[in-house]
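# A closer look at the structure
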Amino acid sequence: MRAFRPGVVGVVVLLIAAAPAAGQSLLSNRGLGFPLVATDARGVALGGMGIGLTGGELSVVDPAAAARLRIPSVGFSFQTTWADFDQAGTSGDFSGTRFPYISLGYPARFGTVTVSFGGLLDQRWSTSSTERIDLNGQGSMGVVTDEFASDGGISSVRLGLARSLTDDIDVGVQIGRNIGDVSRVFTRSFDSLGVGGTLPSFQIGGRWSYRGWTAALGAAADVGDVLHVAAAYTWSSELDALPDENTNGAPATFSMPSEIRAGATAILSPRLRATLGVHRAGWSSVDGSFEDSGARDTFAWGTGIEWGGASILGKTSQLRLGYRDSPLPFTLDEAPDPAESVFAAGLGMDLLTSGEVLLARLDFALERGRREAGAFEERFWRLATSVRISGF
Amino acid sequence: MKRAWMVAGLVSASWGLLACEEVTPTTSDGGLIPLEPKTVQVVLPFESFGEQIRVYSGYGTPSELFEAVLAQDYEGVLDSRVLTRFGAYPWLASVRDSTGTTRADSAFTFFGGYLVARFDTTEANRPEGPVQVAAGGLTQTFYAPSASWTVAVDTINDRRLWAEPGAGPVMALGEAEWDPEAGDSVVIELDSAAVAMLGDTLEAGPGVRFDLLTPGVRLNLVDADLRLYARPNVHRDTVVTLNAGVIAQTFVYDPLPEPEAGGIRVGGAPSWRTVLTLDVPEAVEGDAALCALVECPVELTPERLNNATLLLTTAASQAAFQPSDSMFLDARAVLAPELLPKSPLGTSLVGGLGVSIAPASFGAEAGRVVSIPVTAFVRALVDDSVGQKVRDVVLLTPFEPLSIGFGTFVGSGEEGAPRLRLILTVTDTVEIR
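The structure contained in this document is the topic of the report that follows. For clarity, every value in this text was computed on a predicted model and none was experimentally measured.

### Focus: the side chain of Thr39(A)
- Note on placement: Thr39(A) falls in the loop between β1 (34–35) and α2 (41–45).
- In contact with Thr39(A), other than residues within four places in its own chain, are Val44(A), Gly48(A), Gly50(A), Ser77(A), Gln79(A), Pro100(A) and Tyr101(A).

Put into C-alpha cells, the structure is as follows:
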C-alpha cells in the first residue's frame, strides 16, 4: 500500500468544486425539489438503485458495501444533462453538469471508515413571463417582465463505518447531516418606455439554509457464489429551513421521509451479472407542507445486466444495460402521478490492477429518460462519468 | 500508475469543460410564480411631499467658463464685457541674421501689433449679421475670479471698485467689424504707442477690455491673442511676429438677475442652486382608482419603492439669460443643511452629465416636464433603518458655472409645481413553502 497523498485528494476535490451544479429538471419547482440519486456511473447503468452491486464498495446509499474495501479508495462522479420539455404548448431546453457524489473509504483494523457527500434534492429552476399592467388604474399601461428563480438544493454528508461479520455477511452504519441552502428571488423588470424613464428592477427574495440529521443502517450478504444481496434503511430527522438575516420569509420545517433500499446481483456466469434494486421513500410525510404541491410515497425499481468479457485498449472492460422506473414524489392537482423512466447503457474500464486489487477504474453511463406529469413532458440525455482511484 | 492518474485527470478536466454550458430549467409559465405583485404609480403634489424651496447663488465665477460673453443691450437688458490680461512680452526670439544663420536675439524693438479675438460660431451663438467690436486698455488691474461689473478686486482685505461701473474707464485701442460669414475672428490693429502702453509692466499692462458695440447682440468670445511686431537687432530688415499669451480672462455683466420668489433656478455664472426640502409621507392615501388595485393606504417602504422621480415644469427664463445650448441638471443630497449654502453634497442622484434639457424649454417651449430621478434619496427617506435622515436635495448643474444662461422651473403654489412620482411594487414576502 502506498503512502497517503493529500495532494492527490486535493486535486480531486478541486476538480469537483470547480464543477458547477445545474438544474436537473423543471420539476424541481415542486415541493422540496427534484430527487437525486447519489450513484456512480456503474450504478446508473445497472438500474440506478446503487445498492446490492458487487464491486460497489463506495456506494453512498449502501452502508454495508464498504466492508469489502481492501485499500483506501476515493470515487467521484460527474453528470451532464441535456434536456428539453413541453408544457401546455410551450417548450424549452436546458443543460448542465453536476456532481452526484464523492465518497472516500479507508480500511482500518475495526472496519472501513467512509466519508461521503451526495446530492439529495435539486431546487434549481426559474420561470419568466411578460405582461401589461395598469399602473394607476386609469389606463397608464406599462410592460413588466417577471422572473422567479430558485437556486440551491439539499445534500447529505455522512460518516460511516462498515465491517464484515462473517465471510458472507457485512453490516454498515452511517450518520450525517442533511445540509444545503436555497435562494428564491422574484424580479420584476420594467419596460422603460412604458413607465417613462429607466427604472431599476424590483427584487425581493430570501435565502434559507437547510439543517437536519440523517442516519442509515445496512446489511449485505452473499448467498453462495451466485447471489449478492443488500438492504438499507435510512432515517432522517425533520429538515429545518432557516432564513438568513436578510430574509423576511419565515423559517420552515419539513418532515423528511424514511427510506428503504434493497438490491441484489445474480452472478449468472463469471462474466455475466444481473442486478435488481428497489427503493421506497415515505414522502407522504411531507404532504401538506406546500401551498401548490402535494407529496406521496414512492416505490422505484431498476434492473440491469453487466457483461465483463470485453477488452478495450487492452483493458478489462464491462458493458452494461439497465432500466429504471421512478415515480416522483411531489404532485400537483392536475398532475397527480409524475414519473420518470430511464434506459441506460454503460461502459466500465479497469485502468489499473495489481493482482486481484483494482487500483483505478473509469465508468461511463449514457441515459435516455423521460419524465411525465400531466401535460408536462421532459426528455433528457444524461452522460455520467465516474472515477475510482485506490491505493493512494 | 501515472498513466492511470493522467487518464483520470483528463476525464475530470473534460467534464469541467463540458460544464461551461449551464442553462437553468426555465419555463414561461407565470403561474409558477408564488407571488401576486402589484405595481402602481402615484404622483404626489408638492404640498404632499415638499416643505420649502430655497435658491442660492454664487457658485463658481465667470472666469471659470471656457467662453466669455460679450453683450450690448441684449434683449434690452444685458451688457457684458470681456476682460483679458496678457503675459509679459517675449524677450527672446530666434532670428536669421544677414548671413543666413539663425541666432537667438533678445534686443529687438516692438513697433506695433494687433489683437485677435475668436468667437463661437455655432448656430445658437452666432449673430445674424456683422457686429462691431472694440478694445480698450484697462487702467486698473483686476482679479479675474472676483471681478464684476462694479468691483475690480475683491479678496481678503482688498476690495477695489472700478472707477466706472463696467470695468471702466479704458483707453481706446481700436475697433473692428466682425462678420460671422467671413470667419470666426476679428483683428484690431495696435500702433506702437498702444503696444508700448500695454507692455510697460512685467505683465502686458492691466489688461484689455473687449466691448461689443452693436446693440441687441450676445456672443461668446472663445479666446484672444496679443500679437506683436518686432524688429530684431541682428537683422534690422526683418520683422518677426511674437505672441503675448493670455494669463487671465473673465467677463463682467450687468444686471445680475434676481430669482423670482418661490421659483426654482439652476445654472448661470456664478451659478444658482435650488434646495428642496422634502417631507415624504409614511403612507400614500391613494385615489379610488389606485385603491382598486392595491390596499390603501399604501405604506411607503424602501422595498416597495421601485422608482422616485421629481417632475419639474420648465418656465421661461429672463430673455437675456436663456441658455443658448442644452442645459444639464443634476440632483444631489444636501448632507449638512445647516451649513448651506456651503454644505457638502452627496454623489449625483442622476449620474453621468445629468438630465439634458433643450434650451428652448426655457423660452418658446416653456412648460415641458422634466424628470429628475431621486430614487435613492427618497428610499433613504422612507427607510426606518436610516438614523439621520437627509431631507434636502439640491438641484444644480453638473459643472458650475455651465453658462451665463440659467434654467427656470415653476415653483410651489403654481400650476406646474414640482411633483413626486413614485412607482411602487406591492407584494407578499417570498416564502419557502
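### Some thoughts on a nonpolar patch on the surface
- Nonpolar side chains collect at one region of the surface, where Val115(A), Leu159(A), Ile175(A), Trp213(A), Tyr233(A), Trp235(A) and Ile260(A) lie side by side and expose about 710 Å² of accessible area between them.
- Along the chain, Trp235(A) falls in strand β10 (residues 227–236).

### Here we look at the nonpolar core
All names here are of chain B.
- Leu 115, Phe 119, Phe 210, Leu 226 and Phe 251 are the most contacted members of the largest nonpolar core, which totals 43 residues.
- Considering every element that reaches this core, the biggest residue donor is strand β15 (residues 217–231), with six residues.
- Each residue touching Phe 210, except ones within four places of it in the same chain, is listed here: Leu 70, Arg 81, Val 82, Thr 84, Leu 115, Ala 117, Val 133, Ala 134, Ala 135, Leu 221 and Ala 224.
- If you look at the next biggest cluster of nonpolar residues, it comprises 42 residues, including Leu 278, Val 374, Leu 381 and Val 393.

### What about the interface of chain A and chain B?
- Contact with chain A, which involves 73 residues of that partner, is made by 48 residues of chain B.
- Buried surface at the junction of chain A and chain B, both sides included, amounts to about 5100 Å², of which 64% is carbon and sulfur.
- On inspection of chain A and its partner chain B, the count reaches zero salt bridges.
- On inspection of chain A and its partner chain B, the count reaches 11 residue pairs in polar contact (both at pLDDT 80 or more).
- Here the side of chain A that touches chain B takes seven residues from strand β6 (residues 125–134) of chain A, the largest share from any one element.
- Classifying every residue of the side of chain A that touches chain B gives 37 nonpolar, 28 polar and eight charged.
- Relative to strand β1 (residues 26–27) of chain B, β6(A) runs parallel, the two being bridged by two bridges. Counted as the bridge partner of Thr127(A) is Thr27(B) from β1(B).

Rules used throughout
Residues numbered from 1 in each chain as written. Chains lettered and ligands numbered in written order. Predicted model: local features only at pLDDT ≥ 70, side-chain atom pairs only at ≥ 80, totals over all residues. Heavy atoms only, no water. Helix = DSSP H or I, 4+ residues; strand = E, 2+ residues; numbered from the N terminus. Contact = heavy atoms within 4.5 Å. Patch = residues over 30% accessible without salt bridge, like charges linked within 9 Å, V, L, I, M, F, W, Y side chains within 5 Å. Areas by Shrake-Rupley, 256 points an atom, 1.4 Å probe, with all protein chains shown as cover. Salt bridge = Lys/Arg side-chain N within 4 Å of Asp/Glu carboxyl O. Core = buried A, V, L, I, M, F, W, Y, C linked by side-chain atoms within 4.5 Å. Buried < 20%, exposed > 50% of the residue type's maximum accessible area, 1.4 Å probe, protein only. Buried area = accessible area lost by both parts, 1.4 Å probe. Polar contact = N/O pair within 3.5 Å; in protein donor to acceptor, adjacent residues only side chain to side chain. Nonpolar A, V, L, I, M, F, W, Y, C, P; charged D, E, K, R; others polar. Pairing = 2+ DSSP bridges.

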